[in-house]
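Spelled out from the first residue to the last, the chains are:
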Amino acid sequence: VDLLVDYLLNTSIHKQFSAFARGFRILCDGPAIRLFNSQELERLVCGNPNLDFDALQRNAKYEAGYSAQTPVVQWMWDVVKFELSLDEKKQFLKFFTGSDRAPIGGLGTLRCMVQRDGPDSRKLPTSHTCFNTLLL
């Protein structure tokens, strides 16, 4: 069993892992990388797993006729925070920002914008992920 595990986790992927490790070291090697433990490094690479939508709502900006008090905006935040499952919240975040994870500082550090998408209320929501902008 030990030989099989060693083969599957080490020997069989040695070539691929060596190439990955070389590339990773080119980008991330140096004295600073040694300051991080494995959990901190994972957070730097993968983002923050804590999705605090209250912080995102508090820091959201509104334009084109919307404000935090606009009913449709309040309904959106209520649905996102209270009715969506964690997986659906991640999907919403990916639709809105292009990533299903929070940045290192959390969702409160995102500069997000919620805008009215013209006078036609029959349009489906769209987003500009490069600018963290949601058009309703």
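These remarks concern the structure in this document. (Residues numbered from 1 in each chain as written. Predicted model: local features only at pLDDT ≥ 70, side-chain atom pairs only at ≥ 80, totals over all residues. Heavy atoms only, no water.)

## So, the overall build of the protein
A tally of regular secondary structure across the protein gives six helices and four strands. Beginning at the N terminus, the succession of helices and strands in the protein can be written as α-α-α-α-β-α-α-β-β-β. Radius of gyration (C-alpha) of the protein: 21 Å, far over the 14 Å computed for a compact globule of 136 residues. With respect to the three principal axes, the spread of C-alpha positions in the protein is 65 × 35 × 25 Å. Restricting the contact set of the protein to residue pairs at least 6 apart, pairs at least 24 apart contribute 55%. With an accessible surface of roughly 9,900 Å², the protein has 57% of that area assigned to carbon and sulfur atoms. Averaging the positions of the 16 positive and the 15 negative side-chain charges in the protein gives two centres separated by 6 Å. (Helix = DSSP H or I, 4+ residues; strand = E, 2+ residues; numbered from the N terminus. Rg over C-alpha atoms; globule rule 2.2 N^0.38 Å. Contact = heavy atoms within 4.5 Å. Areas by Shrake-Rupley, 256 points an atom, 1.4 Å probe, with all protein chains shown as cover. Lys, Arg positive; Asp, Glu negative; His and termini not counted. Charge placed at Lys NZ, Arg CZ, Asp CG, Glu CD.)

## Details of the packing of helix 5 (residues 71-83) against helix 6 (residues 86-97)
Relative orientation of the contacting elements helix 5 and helix 6 amounts to 140 degrees, with a least axis distance of 9 Å. One element, helix 5, and the other, helix 6, form an angle in the oblique class. Taking contact as the criterion, the partners of Met76, Val80, Lys81 and Glu83 in helix 5 are, on helix 6, Glu88, Lys89 and Phe92. Grouping the amino acids of the contact of helix 5 with helix 6 by side-chain chemistry returns three nonpolar, no polar and four charged. (Axes fitted to C-alpha atoms, helices over the stretch in contact; angles between N-to-C directions. Parallel < 35°, antiparallel > 145°, perpendicular 65-115°, else oblique. Nonpolar A, V, L, I, M, F, W, Y, C, P; charged D, E, K, R; others polar.)

## Description of helix 2 (residues 14-28)
Compared with an ideal rise of 1.5 Å per residue, which puts 15 residues at 21 Å, helix 2 spans 20 Å between its outermost C-alpha atoms and is within 8% of the ideal. Across the 15 residues of helix 2, one count as buried, placing the element largely on the outside. Downstream of helix 2 by one or two residues, Gly30 has phi in the positive range, about 140 degrees. (Expected span 1.5 Å × (residues − 1). Buried < 20%, exposed > 50% of the residue type's maximum accessible area, 1.4 Å probe, protein only.)

## Brief notes about the environment of Asp54
In this structure, Asp54 sits in helix 4 (residues 53-59). For Asp54, a relative accessible area of 38% translates into the label partly exposed. Remark: the alpha-carbon pair of Asp54 and Leu107, spanning 53 residues in sequence, is separated by 8.6 Å. Polar side-chain contacts of Asp54 include one of 2.9 Å to the side chain of Lys81. (Polar contact = N/O pair within 3.5 Å; in protein donor to acceptor, adjacent residues only side chain to side chain.)

## A word on the packing of aromatic side chains
Per the counting criterion, the structure on display carries four aromatic pairs. Look at Phe53 and Phe92: their rings are 6.4 Å apart centre to centre, the planes differ by 50 degrees, and that puts the pair in the tilted class. Note that Phe53 is positioned in helix 4 and Phe92 in helix 6, a separation of 39 residues in sequence. Judged by its relative accessible area of 13%, Phe92 falls in the buried class. Taken together, a centroid distance of 5.7 Å and an interplanar angle of 70 degrees make the contact between Phe92 and Phe96 edge-to-face. Taken as a pair, Phe92 and Phe96 lie in helix 6 at a separation of four residues, close to a single helical turn. Here Phe92 matches Phe96 in class, with each residue buried. An aromatic cluster is built from Phe17, Phe20 and Phe24, whose rings are joined through pairwise contacts. (Phe/Tyr/Trp six-rings, centres within 6.5 Å; stacked < 30°, edge-to-face > 60°.)

None of the figures reported here should be taken as evidence of function without further support.
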